[in-house]
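A look at the structure
Okay, here's what each chain looks like letter by letter:
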Amino acid sequence: MHRRTSSIPSDVAIIGAGPAGLACAIASIRRGLQVDVIDAMRPPIDKACGEGLMPDSLQALATVGLDLEKELSRFETHPLHGIRFLDETSTAQAAFPANPGRGIRRTILHQVLLDRANSLGVRFHWENSVQDISQPSIAKQSEATLIHTNRQTLRARYVVGADGPGSRVAKWAGLTREVIHSRRIGLRQHYNIAPWTSYVEVYWGPEGQAYVTPISSTQVCVAFIANQKIPTPDHALAHLPALRQRLATAKLRDHARGSITLGRTLHRVATTNIALIGDASGSVDAVTGEGLALAFRQASALASAIHGDNLAAYQHAHRRIQRLPTLMSKALLLMDRHPNFRNKTISLFERHPSLFRHLLEIHIGDSPIRRRTPHLQPNYTT
Ligand SMILES: Cc1cc2nc3c(=O)[nH]c(=O)nc-3n(C[C@H](O)[C@H](O)[C@H](O)COP(=O)(O)OP(=O)(O)OC[C@H]3O[C@@H](n4cnc5c(N)ncnc54)[C@H](O)[C@@H]3O)c2cc1C
């Protein structure tokens, strides 16, 4: 098959048009860089996700260059005002300290990011599956990297792997040394029901968690997370009677969609001209609700590093961005693994709501601990 080769290299070729790739494209083009984005699929791209954007995710997205609240008049979404933990005996809750979060259907989030990237002039190559990349020899570092897809060959100074947890870019770049802290199964199901709360509810049971995110006035998204395969949402609900009762009259809106959720740290996320972002660069367990916030923060840091021709700065920023969410992820998984610890913790939070509120503030970055670790500051041209 004849494949076209682009003659003029772009500044950045981003492989993967999920939220991480799109956010990186927006942040990069706003710095005056020329950007190509390549994805094997065609939009709208859906994926198993809890569909909750915490307040810090929205803040990170604003830094990237997208004021989500402004864009949302076109779509129905749902504000999120806090987090509630529920187990067999206790209920603890904490409100977000300042701004709300947002429950948003994954396909809508994708559309909003895509519209913004298109309006800024990002070039998209859909249904292009990247098969390989050829790096310039050490003697010719000034040359571009070749990105071979099933349809064409593109050239770019920098390559970004935003190709998700099984990243092939990571393999081609030799960035696969990793530590896996946790590996669990996720199953997402939408239900037709008017949300009964504007809090994200996390139901803790003996077989895992289910977290419920209101995403419109008629729909909630439930993400079931467990250590073993979840055959159907009903199997998971059998261990969560309070949630089963809530959803007793609700109709399933679509087919359930599954995915693996990993707690994963990579030893390195960048070479001199290739960098990883989003789930390709490591991840935290889904129950943290922080996956997208991480991707958006990384996007700003990476665009800044590419703009400054210094991917080492991204390596440092990435480590800093990942540190606290990884710690939180480990703490939440301790609650998953040890029922006594979980029961005592939720009961403690119920009796001392200020303690829960304080931890939530740290988790979403609204505390002095997180504010002391600034990320690279943006300096945009548009
Ligand atoms: C069950 C579950 C619930 C979750 N809930 C939440 C939540 O409530 N809040 C939150 O913030 N996070 C949540 N997360 C995490 C969040 O969904 C992820 O962090 C996020 O999807 C990562 O996006 P990404 O762009 O890195 O990867 P992806 O969305 O996986 O995108 C990767 C893209 O790369 C493309 N691609 C891959 N290989 C190639 C190739 N060779 N050539 C071309 N294209 C390629 C794919 O087609 C895809 O479009 C959840 C995760 C799970 C599993």
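Presented here is a report on the structure given in the accompanying data block.

About the thresholds
Residues numbered from 1 in each chain as written. Predicted model: local features only at pLDDT ≥ 70, side-chain atom pairs only at ≥ 80, totals over all residues. Heavy atoms only, no water. Helix = DSSP H or I, 4+ residues; strand = E, 2+ residues; numbered from the N terminus. Rg over C-alpha atoms; globule rule 2.2 N^0.38 Å. Buried < 20%, exposed > 50% of the residue type's maximum accessible area, 1.4 Å probe, protein only. Contact = heavy atoms within 4.5 Å. Areas by Shrake-Rupley, 256 points an atom, 1.4 Å probe, with all protein chains shown as cover. Lys, Arg positive; Asp, Glu negative; His and termini not counted. Charge placed at Lys NZ, Arg CZ, Asp CG, Glu CD. Axes fitted to C-alpha atoms, helices over the stretch in contact; angles between N-to-C directions. Parallel < 35°, antiparallel > 145°, perpendicular 65-115°, else oblique. Nonpolar A, V, L, I, M, F, W, Y, C, P; charged D, E, K, R; others polar. Expected span 1.5 Å × (residues − 1). Near = heavy atom within 4 Å. Polar contact = N/O pair within 3.5 Å; in protein donor to acceptor, adjacent residues only side chain to side chain. Core = buried A, V, L, I, M, F, W, Y, C linked by side-chain atoms within 4.5 Å. Phe/Tyr/Trp six-rings, centres within 6.5 Å; stacked < 30°, edge-to-face > 60°. Lys NZ or Arg CZ within 6 Å of the ring centre and 35° of its normal.

With that settled, consider the overall build of the chain. Secondary structure summary: the chain contains 12 helices and 20 strands in total. In terms of overall size, the chain behaves like a compact globule, its C-alpha atoms giving a radius of gyration of 21 Å where 382 residues would be expected to give roughly 21 Å. The principal-axis extents of the C-alpha atoms in the chain amount to approximately 65 × 40 × 40 Å. Taken over 382 residues, the chain has a buried fraction of 56%. Within the chain, contacts between residues separated by at least 24 positions form 74% of all contacts whose residues are at least 6 apart in sequence. Put simply, the chain shows about 16,600 Å² of open surface, and 52% of that area lies on carbon and sulfur atoms. Looking at charge distribution, the chain has the averaged site of its 45 positive side-chain charges lying 4 Å from that of its 30 negative ones.

Where helix α9 (residues 311–337) meets helix α10 (residues 339–351), the axes come as close as 5 Å, and the angle between the chain directions of the two elements is 115°. Classified by the angle their axes make, α9 and α10 are roughly perpendicular. Judged by residue contacts, Ala-331, Leu-334, Met-335, Asp-336 and Arg-337 of α9 engage Pro-339, Phe-341, Arg-342, Thr-345 and Ile-346 from α10. For the contact of α9 with α10, the residue count by class is six nonpolar, one polar and three charged.

It is worth spelling out helix α4 (residues 106–120) at this point. Relative to the 21 Å expected for 15 residues at 1.5 Å per residue, α4 spans 22 Å between its end C-alpha atoms, a close match to the ideal helical length. Elements that come into contact with the buried residues of α4 comprise α1 (19–29), β4 (52–53), α2 (55–64), α3 (68–71), β9 (123–125) and α8 (291–307). Directly after α4, the chain includes Gly-121, whose backbone phi takes a positive value near 100°.

Of all residues adjacent to the ligand, which total 35 residues, the nearest are Asp-39, Gly-50, Arg-106, Tyr-211 and Asp-279. In the model, an oxygen atom of the ligand is placed 2.9 Å from a nitrogen or oxygen of the Lys-47 side chain. Here Leu-292 contributes a backbone N or O atom positioned 2.8 Å from an oxygen atom of the ligand. Taken together, the elements giving at least two residues each to the shell around the ligand come down to α1, β18 (257–266) and α8. Per-class residue counts for the shell around the ligand are 16 nonpolar, 12 polar and seven charged.

This part takes up the environment of Gln-111. In this fold, Gln-111 is placed in helix α4. Separated by 67 residues in the primary sequence, Gln-111 and Glu-178 have C-alpha atoms spaced 32 Å apart.

In this chain, Pro-43 is followed by Pro-44 through a cis amide linkage whose omega measures 0°. When you line up the elements, Pro-44 lands in the loop between β3 (35–38) and β4. Positioned with a positive phi, Glu-127 is a non-glycine residue whose angle comes to about 50°. Tracing the sequence through the fold places Glu-127 in the loop between β9 and β10 (130–134).

If you look at the biggest cluster of nonpolar residues, it comprises 73 residues, and the most contacted ones within it are Ile-14, Leu-68, Ile-147, Ile-277, Leu-302 and Tyr-314. Per-element accounting of this core gives the leading share, 10 residues, to α8. Contacts of Leu-68, omitting those with residues within four sequence positions, involve Leu-53, Leu-58, Leu-61, Arg-102, Ile-104, Leu-109 and Val-112. Ala-92, Phe-96, Met-335 and Leu-360 belong to the second largest nonpolar core, which has 21 residues in total.

This paragraph deals with the packing of aromatic side chains. Within the structure shown, the criterion is met by four aromatic pairs. Summarising the aromatic geometry, the rings of Phe-124 and Trp-126 are spaced 5.0 Å apart at their centres and angled 0° between planes, so their arrangement reads as stacked. An angle of 10° between the planes, with centres 4.6 Å apart, marks the rings of Phe-349 and Phe-356 as stacked. On the basis of relative accessibility, which here comes to 7%, the residue Phe-349 falls in the buried class. Of note, Arg-84 hangs over the ring of Tyr-199, and the distance from its end group to the ring centre comes to 4.8 Å.

Just distances and angles here, no functional claims.
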